[in-house]
Amino acid sequence: MRPSLALLRTTTFRLALAQAGLVLSLVLALLAYVYFATVGELRRASDALADQEYALLERAYAEGGIRRLDQEVVERAASDSPFLYVLAENNGAVIAGDFQQLPVLPDNASDRVDFNFERAEGDDVTRGRARGRIGRLLNGPILLVARDLNDAAGISGRITRVLWTIAVFGIIISIAAGLIGAWFAARRVEALANTARDVMAGDMRRRAPVRGEGDEYDSLAESLNAMLDRLERLMHISRTAGDAIAHDLRSPLTRFRYKLEAALDTPPDTQADREALRKALEEADGLLDTFAAILKLARVEANASWRFERFDASAILQELIEFYEPAAEEQGRTLSGAVEPNLVIRGEPGLFTQAVSNLIENALKYTHAGGRVEVLASRRADGLIEVRVMDDGPGIAPADRDRAVERFVRLETARSTPGAGLGLSLVAAVARLHKGGLHLRDGLGDGEHRGLGAALVLPADATPAAAH
Amino acid sequence: MRVLLVEDDPDMAENVRASLTADGHVVDLAGDGELGQSIALEGGYDVIVLDRMLPKKHGVSVVKDLREQGVSTPVLILSALHDEDHRVEGLNAGANDYLGKPFSTRELLARVRALWHGRDRAVQTKLSVGDLEMDLLARTVKRSGKKLDLQPREFRLLEYLMRNAGHTVTRKMLLENVWDYHFDPQTNVIDVHISRLRSKIDREFGQSLLHTVRGSGYRLEA
């Protein structure tokens, strides 16, 4: 693609052309306005003066007859009055004035006239254009009072020329600005397009240049880069998820196989065989649980057709606390709750229940003996419903919190405890499905045992409660 | 009792048939939905065990048609799809229970027995097992004439055990029927609830009624 031609096709250049057109029509409008405001005004003023002069002479004629008028015309023509005068007989023969003969003849009693004239003064012949008033006076004589238009035409001509010059420069400048803008824009868009092409070609690390000017191209580049970061992260997650699934499934499968093989290899012993089978069954159940969790997470993440309904989250939370409380007590942990009543959510109650149950089980699992877990639920000032499950266990370091909700990520501190690392991912996925979020914070403890506070934030049901 | 098993996977069908037969049931087998429906219409079965994904006719449609044609035999649907919405769809079509694959044989046997046993539970207002009595209207429980003080949830747990007296109920059945939870808690939550209930109904009395069935669940029996 030739850059010069490409430039002409850019949106910016088209905008510049449109702008040039706009400048042109604006200048034309301005011209018209200025023309009428100046030239028109000058003409009106000169017409008024001519009328005045004509009226003056008409009065002189009325008072003193033709002699007086003749005298006036001769005096005025000789003075440096701005007017041209002609006094003629009824038949058009000039009596006195600036011309040897009438340049125009009156049609009616009194007329406004525009005419070209030629005047000889010695050897010089001046040509010009004049505008004035011509009329027949009482008893026949013809009087012409006109003004040489050369002065007025000079002023308006200058104004017109200046305006045209401005228009031409304006158009040239706006086209040039358009071309330069188009060139810059094309260069920056081309840089973004190059980045996208490089990424498509496989260079996931490539990023669009950001100039730091904070303009819309920078903002576009930043968005593109953020998208690429996210993509790279997702690719990384799916790669590591594959590894994690392989790891999570390979170990129990290996143990499963080993137990069956060992049972087969040793001499038949009913008691030992049964024990081996029982253990193999346990491993198989564990594997099936992992599969079920993966499938469920996939289904929640795929945002499949879940049937949403209004439900009382407070009641569900209260029941969950009652459900887990005896087991927690048995394990030497304290589970307590403070749940605000009538927290109504629109969503899938089964998934909500499971999400909170995951948080409670997680908290119980990572809390040391003698520790405590609290379930708090309330409506926040911004209207969202927040369910917090707080523990006083080891917690998760702030830097690791984002990763903790990713699929299959098991943090170092959690390696020793069982679980496929899917619990928090499912909670986060359920939160996203309900247009909410899962936020990990500090819990009940402090210092090394800062605890974990998992906050499930969901929008409250906005539809008005059914009438009772 | 007579069980109609509708299942298209031959291995699966043979395993289930063998387990049901070993548990003392007489089992007839149908390999697709249409055949299963026409055999079920002939009647004479106590329980129908129906796979969800069947050739020729979908399991959920089979239940729906059977119910429309007046067949009230309890139906247990087996399915690899056991998320909330699938389960609700199956139950709404008229199935009595829904069991996700894979399942343990014990789970299946316990549920088949519970279905058959619970056919006419709705008309009962009083339940009794040995000297343990439950009045469903007055919401009271007595043992040997002595009134026992139970929490509402404990009452429902005991009610479910009493309705299935003499039969093993699994932890999963208790979770689904008493709490309406359809996930597996990682911890021994159910066992602790049972032991609390046991301390209320058994501790002061000579004979234990609530038994643990190792590897399966619990059984209430005099």
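Look above for the structure.
Summarised in this report is the structure supplied together with it. If you're wondering where the values come from, they're calculated on a predicted model, not measured in any experiment. (Residues numbered from 1 in each chain as written. Chains lettered and ligands numbered in written order. Predicted model: local features only at pLDDT ≥ 70, side-chain atom pairs only at ≥ 80, totals over all residues. Heavy atoms only, no water.)

Examining the sheet that holds strand S10 (residues 168-170) of chain B
Residue and element names in this part refer to chain B.
Reasoning step 1: Ordered in space as S10-S12-S11, the three strands form an open sheet in which the pairing is antiparallel. Lying at the two open borders of the sheet, with one neighbouring strand each, are S10 and strand S11 (210-213). Geometrically, the sheet is characterised by an average inter-axis angle of 35 degrees between neighbouring strands, direction not taken into account.
Reasoning step 2: Relative to strand S12 (residues 217-220), S11 is paired through four bridges, and the arrangement is antiparallel. Across the sheet, the residue bridging to Val 213 is Gly 217, located in S12.
Reasoning step 3: In the packing of helix H7 (residues 171-179) onto the sheet, the strands contacted are S10 and S12, and the crossing angle to S10 comes to about 75 degrees. (Pairing = 2+ DSSP bridges. Helix = DSSP H or I, 4+ residues; strand = E, 2+ residues; numbered from the N terminus. Axes fitted to C-alpha atoms, helices over the stretch in contact; angles between N-to-C directions. Contact = heavy atoms within 4.5 Å.)

Describing H7 of chain B
Reasoning step 1: Turning to H7 of chain B, its buried residues number three or more, namely Met 173, Leu 174, Leu 175, Glu 176, Val 178 and Trp 179 of chain B.
Reasoning step 2: A positive phi of about 60 degrees marks Asp 180 of chain B, the residue just after H7 of chain B. (Buried < 20%, exposed > 50% of the residue type's maximum accessible area, 1.4 Å probe, protein only.)

A few points about empty space enclosed by the protein
A water-sized probe rolled over the atoms picks out the places where empty space is left.
Residues and elements named next belong to chain A.
Reasoning step 1: In the structure shown here, the tally under the stated rule is one cavity of 30 Å³ or more.
Reasoning step 2: Empty space within the largest cavity amounts to approximately 50 Å³.
Reasoning step 3: Lining the largest cavity are Leu 359, Asn 362, Ala 363, Val 389, Asp 391, Leu 424, Leu 452 and Ala 454.
Reasoning step 4: Of all the elements in the fold, those that place two or more residues in the lining of the largest cavity are helix H7 (349-366), strand S10 (385-391) and strand S12 (452-458).
Reasoning step 5: It is H7 that contributes the most residues to the lining of the largest cavity, three residues altogether.
Reasoning step 6: Tallied by class, residues from the lining of the largest cavity come to six nonpolar, one polar and one charged. (1 Å grid on protein atoms, 1.4 Å probe; cavity = no way out; pocket = protein on both sides within 12 Å on 5 of 7 lines; lining within 4 Å. Points joined across faces, edges and corners; volume = space filled by probe spheres on them. Nonpolar A, V, L, I, M, F, W, Y, C, P; charged D, E, K, R; others polar.)

Regarding the nonpolar core
Reasoning step 1: Counting 85 residues, the largest nonpolar core has Phe 352 and Leu 456 of chain A together with Leu 158, Leu 161, Leu 174 and Leu 220 of chain B as its most contacted members.
Reasoning step 2: Per element, the largest residue contribution to this core is nine residues, and it comes from helix H6 (residues 313-330) of chain A.
Reasoning step 3: If near-sequence neighbours (up to four positions away) are discounted, Leu 220 of chain B is found in contact with Val 129, Leu 132, Leu 158, Leu 161, Met 162, Ala 165, Gly 166, Ile 201, Leu 209 and Leu 210 of chain B.
Reasoning step 4: Counting 17 residues, the second largest nonpolar core, distinct from the first, contains Ala 30, Leu 50, Val 62 and Ala 95 of chain B. (Core = buried A, V, L, I, M, F, W, Y, C linked by side-chain atoms within 4.5 Å.)

Observations concerning the interface of chain B and chain A
Reasoning step 1: The partner chain A presents 27 residues to the 23 residues of chain B that form the contact.
Reasoning step 2: Contact between chain B and chain A buries roughly 2000 Å² in total, counting both sides, with carbon and sulfur atoms accounting for 54%.
Reasoning step 3: By the criterion of area lost to chain A, the three top residues of chain B are Glu 84, Tyr 181 and Phe 183 of chain B, representing 26% of everything that side buries.
Reasoning step 4: The tally of links between chain B and chain A comes to three salt bridges.
Reasoning step 5: A salt bridge links Arg 153 of chain B to Glu 319 of chain A; its shortest N-O distance comes to 2.5 Å.
Reasoning step 6: Where chain B packs against chain A, one counts three residue pairs in polar contact (both at pLDDT 80 or more).
Reasoning step 7: Among the secondary structure elements, those contributing two or more residues to the side of chain B that touches chain A are helix H4 (84-93), H7 and helix H8 (189-201) of chain B.
Reasoning step 8: Partitioning the side of chain B that touches chain A into residue classes produces ten nonpolar, five polar and eight charged. (Buried area = accessible area lost by both parts, 1.4 Å probe. Salt bridge = Lys/Arg side-chain N within 4 Å of Asp/Glu carboxyl O. Polar contact = N/O pair within 3.5 Å; in protein donor to acceptor, adjacent residues only side chain to side chain.)

Some remarks on the pattern of salt bridges
Residues and elements named next belong to chain B.
Reasoning step 1: All told, the structure shown has 47 salt bridges over all chains when counted by the stated rule.
Reasoning step 2: Arg 111 is the salt-bridge partner of Asp 97, the closest N and O atoms lying 3.1 Å from each other. Residue Asp 97 is located in strand S5 (residues 97-100), and its partner Arg 111 is located in helix H5 (residues 105-117); the two are separated by 14 residues in the primary sequence.
Reasoning step 3: Classification of Arg 111 as buried rests on a relative accessible area of 0%.
Reasoning step 4: Close ionic contact of Asp 131 with Arg 143 constitutes a salt bridge, the shortest N to O distance being 2.9 Å. Of this pair, Asp 131 sits in the loop between strand S6 (126-129) and strand S7 (132-135) while Arg 143 sits in strand S8 (residues 140-143), and the two are twelve residues apart along the sequence.

A few points about the sheet that holds S7 of chain B
All names here are of chain B.
Reasoning step 1: Taking strand neighbours across the sheet as the criterion, the four strands line up as S6-S7-S8-S9 in an open arrangement whose pairing is antiparallel. Only two strands of the sheet have a single neighbouring strand rather than two, namely S6 and strand S9 (146-148). Neighbour-to-neighbour, the strand axes of the sheet open up by a mean angle of 25 degrees, direction not taken into account.
Reasoning step 2: As judged from the four bridges shared by S7 and S8, these two strands associate in the antiparallel manner. Along S8, the bridge assignment pairs Glu 133 with Lys 142.
Reasoning step 3: Helix H6 (residues 152-163) contacts S6, S7 and S8 of the sheet and is inclined by roughly 115 degrees relative to S7.

Section: the pairing of S12 of chain A
Residues and elements named next belong to chain A.
Reasoning step 1: Burial analysis of S12 places seven of its seven residues in the buried class, which makes it a mostly covered element.
Reasoning step 2: Of the two faces of S12, both are covered, the one formed by Leu 452, Ala 454, Leu 456 and Leu 458 as well as the one formed by Gly 453, Ala 455 and Val 457.
Reasoning step 3: As defined by bridge partners, S10 adjoins S12 across six bridges and the pair is classed as antiparallel. Counted as the bridge partner of Val 387 is Leu 456 from S12.
Reasoning step 4: Direction of pairing for strand S11 (residues 437-442) relative to S12: antiparallel, over a ladder of six bridges. Within the sheet, the bridge partner assigned to Gly 437 lies in S12 and is Val 457.

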